[in-house]
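# Summary of the model geometry
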Amino acid sequence: MNTPKALLTALLVPLGATLAVAPAASATTPPAPPATSASAVAAASVGPEEAAAAALRSPEAALGRAAHPLRTTDPRGGLADLRPFGRMVGDARVVGLGEATHSSHEFLTVKHRVLRYLVEEKGFRAFALEAPWSTGLRLDAYLLRGEGDLKRIMDEEFQGTYRWWNNAEYRDLLRWMRAYNVEHPDDPVRFVGDDGGFAGAELYDEVSAYAAAARPELAPRLTELYRGLRPATDAETYVDDYLSKPMAERRELAERTGRAVDLLKQRPGTDADAHAWAVQHATAIHQMTTLFAFDWDDPQGVAGAMLHRDRIMAENVAWWQQQTGDKIVLAAHNSHIALRTYVPGTYPKVQGAFLREQLGGGYLSVGLTFGRGSFNAFGHDGGVHRFTVGPAEPGTAEHTLDRVRHRDFMVDLRNAPAAARAWLATPHTVKNIGATYPGIADAPRIRLAQAHDVVLHLQQVEAARLLP
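Notes on the structure follow. Residue numbers here run from 1 along each chain, matching the order of that chain's written sequence. Reporting in this predicted model follows two pLDDT cut-offs: at least 70 for local features of residues, and 80 or more for side-chain atom pairs to be given and counted; totals over whole chains, interfaces and linings ignore these cut-offs and use all residues. Note: side-chain values were computed over all heavy atoms of the structure, leaving out hydrogens and water.

Summing up its helical and strand segments, the chain has 20 helices and eleven strands in all. A 1.4 Å probe rolled over the protein chains alone gives each residue an accessible area, and that area as a share of the maximum for its type sets the label: buried under 20%, exposed over 50%, partly exposed in between. Looking at the chain as a whole, 59% of its 468 residues are labelled buried. Here, residues are in contact when the closest pair of their heavy atoms is within 4.5 Å. In the chain, the share of contacts with a sequence separation of at least 24, taken over all contacts with a separation of at least 6, comes to 79%. Carbon and sulfur atoms make up 53% of the accessible area of the chain, which totals about 18500 Å². Secondary structure elements are defined from DSSP: runs of H or I of at least 4 residues count as helices, runs of E of at least 2 residues count as strands, and each element is numbered from the N terminus. Using the Shrake-Rupley algorithm and a 1.4 Å probe, accessible areas are obtained, with residue cover drawn only from the displayed protein chains.

Structure follows, in structure tokens:
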């Protein structure tokens, strides 16, 4: 296994033990004919009264009675159809919005629409993304004060497998956040990067500035501990170079950054808030060096790295929420925001499970599913390709969800009718497409009722518009 490629792939592609994988379909693959539902088969073999009774007992009919239609995925326009979603959110402080692919237009625009609703109607004030903590600092400065050029920030920060975020949909979302903040300077919407795949120069500068101002006696020691770590190249080059270092050196660097965190914790300054932020920035550096210190050539090392990664993403989100008081919309893959892992062999425990432990009912997991459509992903040749998949196969979760009476809808699984509960508690195959397609965990079997609190289902999606 090539270690740098393994890491860059694993950061955004769900990995796992041997699972059934659906073959990739090209953009020219003709759609399969619609499959016949189990309830329709039953209806064909019995009389009309028995068929009607059977239909009422079907999971799709039961879910249809509980589901609320989604009028559009377009972020613009009225938001009245999202009021039922607001009731599902209740008093949650963090709402995890998933995605079954990393690069489909409607998944991103519906997140924009939900963010707008939660900001305007439910008092949410932060958007967290599966991106580095230092990326979050740069985007937050742009959103708050207009610092920097948005295109340049996105080009520089969204590299490697993070490139999927360099799209027109997220550009529009960030522009909306900036416009909102211009109109509400005293009550802004913030940006959080919760991931640990890179630690930008901003983090080292923030820690150094804090030490110089509050604890100057620590500055020389911190400079020595961080020697050779502050990036001087673009993110993708930095990560490639870092991962070419021998394992022993990477582990020594992780030990050094851990000592830097301990040093700051042990010597707080007089400003408790400034100290907390400095420790968090130092922690983000240590999170990266720890992630890179795992042995990516060993399956157990990969599992340990993924456990570390999901834990720190949860810790960063929870830290921000507790430090600022902001209610947060968290955007990530379904397999990260889920309450239980989709792929136990490689993801022992995921971000959503950690957040449920830390926040209890203050965390809401919303899985986003789709029946058919297109998405962008890396092919096995390493290039970016547009893939298309046809209608969901019988027996999959999406096959049943496609037969709910609304085209696009949201449904609270916690309050599902009795006729749907057994189906929701039974394992079904779901689409789980990461950064590379086909992957080894594209079609895991999960119990929806255990994985998510709410499902937002779209019958069809199209590939996102990647920026050049």
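This brings us to unusual backbone geometry. Residue Pro438 is reached from Tyr437 by a cis peptide bond, and omega for that bond is -10 degrees. Residue position: Pro438 is located in the loop between β9 (428-429) and β10 (445-446).

Pairing of aromatic rings covers Phe, Tyr and the six-membered ring of Trp, with a centre-to-centre limit of 6.5 Å; geometry is then stacked below 30 degrees between planes, edge-to-face above 60, and tilted otherwise. Applying the stated criterion across every chain, the model contains 17 aromatic pairs. When the ring of Trp176 is compared with that of Tyr180, the centres are 5.6 Å apart and the planes differ by 35 degrees; the resulting orientation is tilted. A residue pair is termed a helical-turn pair when its members lie 3 or 4 positions apart in one helix, as Trp176 and Tyr180 do in helix α9 (residues 168-183) at four residues. Tyr180 gets classed as buried once you look at its relative accessible area, which sits at 10%. A ring pair is formed by Phe198 and Tyr238, whose centres lie 5.5 Å apart and whose planes are at 80 degrees; its orientation type is edge-to-face. Residue Phe198 is found in the loop between β4 (190-195) and α10 (201-214), and its partner Tyr238 is found in helix α12 (residues 235-243); the two are separated by 40 residues along the sequence. In textbook terms, an aromatic cluster arises when at least three aromatic residues are bridged by ring pairs, as seen for Phe127, Trp165, Tyr170 and Phe191.

Here we come to the environment of Val239. Tracing the sequence through the fold places Val239 in helix α12. Given the relative accessible area of 4%, Val239 is considered buried. Residues Val239 and Gly160, spaced 79 residues apart in sequence, show a C-alpha to C-alpha distance of 9.2 Å.

Patch membership needs two things, relative accessible area over 30% and no salt bridge, and members are linked within 9 Å if like-charged or within 5 Å if nonpolar (Val, Leu, Ile, Met, Phe, Trp, Tyr). When a carboxyl oxygen of Asp or Glu lies within 4 Å of a side-chain nitrogen of Lys or Arg, that pair is called a salt bridge. All tallies of charge rest on Lys and Arg as positive and Asp and Glu as negative; His and the ends of each chain are not included. Each charge is placed at NZ for Lys, CZ for Arg, CG for Asp and CD for Glu. On the surface, Asp234, Glu236, Asp240 and Asp241 cluster together to form a negatively charged patch. Along the chain, the position of Asp241 falls in helix α12.

Now for the nonpolar core. The nonpolar side chains of a soluble globular protein tend to be buried, and buried together. The biggest cluster of nonpolar side chains holds 82 residues, and the ones touching the most others in it are Trp133, Leu222, Tyr226 and Leu355. Top contributing element to this core by residue count: helix α14 (residues 272-291), with nine residues. Aside from chain neighbours lying at most four places away, what touches Tyr226 is Tyr204, Val207, Arg256, Thr257, Ala260, Ala282 and Ile285. Listed in part, the 62 residues of the second largest apolar core include Val110, Leu139, Met410 and Val454. Residues enter a nonpolar core if they are buried and are Ala, Val, Leu, Ile, Met, Phe, Trp, Tyr or Cys, with the set joined through side-chain atoms within 4.5 Å.

In this section: the pairing of strand β3 (residues 126-132). Summarising burial for β3: seven of the seven residues are buried, a large majority. Two strands are counted as paired when DSSP detects at least two bridges linking them. Here β3 runs beside β4; their pairing, made up of five bridges, is parallel. Pairing of Pro132 across the sheet is with Asp195, part of β4. Inspection of the sheet shows β3 paired to strand β5 (residues 328-331) by four bridges, in the parallel sense. If you follow Ala126 over to β5, its bridge partner there is Ile328.

Position of Gln159 relative to the elements: it lies in the loop between α8 (150-157) and α9. Accessibility expressed as a relative area gives 17% for Gln159, which makes it buried.

Axis definition: a line fit to C-alpha positions, over the contact stretch in the case of helices; interaxial angles, taken between N-to-C directions, run 0 to 180 degrees. For the pair α10 and α14, interaxial distance at closest approach is 9 Å and the crossing angle is 140 degrees. For the pair α10 and α14, the crossing hand works out as left-handed. Residues Leu203, Tyr204, Glu206, Val207 and Tyr210 of α10 touch α14, and the partners they reach there are Ala274, His275, Ala278, His281, Ala282, Ala284, Ile285 and Met288. Under the convention adopted here, Pro, Cys and the residues Ala, Val, Leu, Ile, Met, Phe, Trp and Tyr are nonpolar, Asp, Glu, Lys and Arg are charged, and Gly plus all remaining residues are polar. Tallied by class, the residues present in the contact of α10 with α14 amount to ten nonpolar, two polar and one charged. With the far helix as reference, a near helix turned anticlockwise by less than a right angle produces a left-handed crossing, and one turned clockwise produces a right-handed crossing.

Time to look at the pattern of salt bridges. In this structure the tally under the stated criterion is 27 salt bridges. Here Arg125 ties to Asp187 by a salt bridge, and the two come within 2.8 Å at their closest N and O atoms. Of this pair, Arg125 sits in the loop between α6 (105-122) and β3 while Asp187 sits in the loop between α9 and β4; the two residues are 62 residues apart in sequence, bridging distant segments of the chain. Owing to a relative accessible area of 12%, Arg125 belongs among the buried residues under this scheme.

On to the packing of helix α7 (residues 133-145) against α9. Following both chains from N to C, one finds α7 and α9 inclined at 45 degrees, their axes separated by 7 Å at the closest point. One way to sum up the angle between α7 and α9 is to call them oblique. Between α7 and α9, the residues in contact are Leu139, Tyr142, Leu143, Leu144 and Arg145 and Leu174, Met177, Arg178 and Asn181, respectively. Taken together, the residues that form the contact of α7 with α9 break down as six nonpolar, one polar and two charged. Here roughly perpendicular refers to angles of 65 to 115 degrees, roughly parallel to angles under 35, roughly antiparallel to angles over 145, and oblique to all remaining angles.

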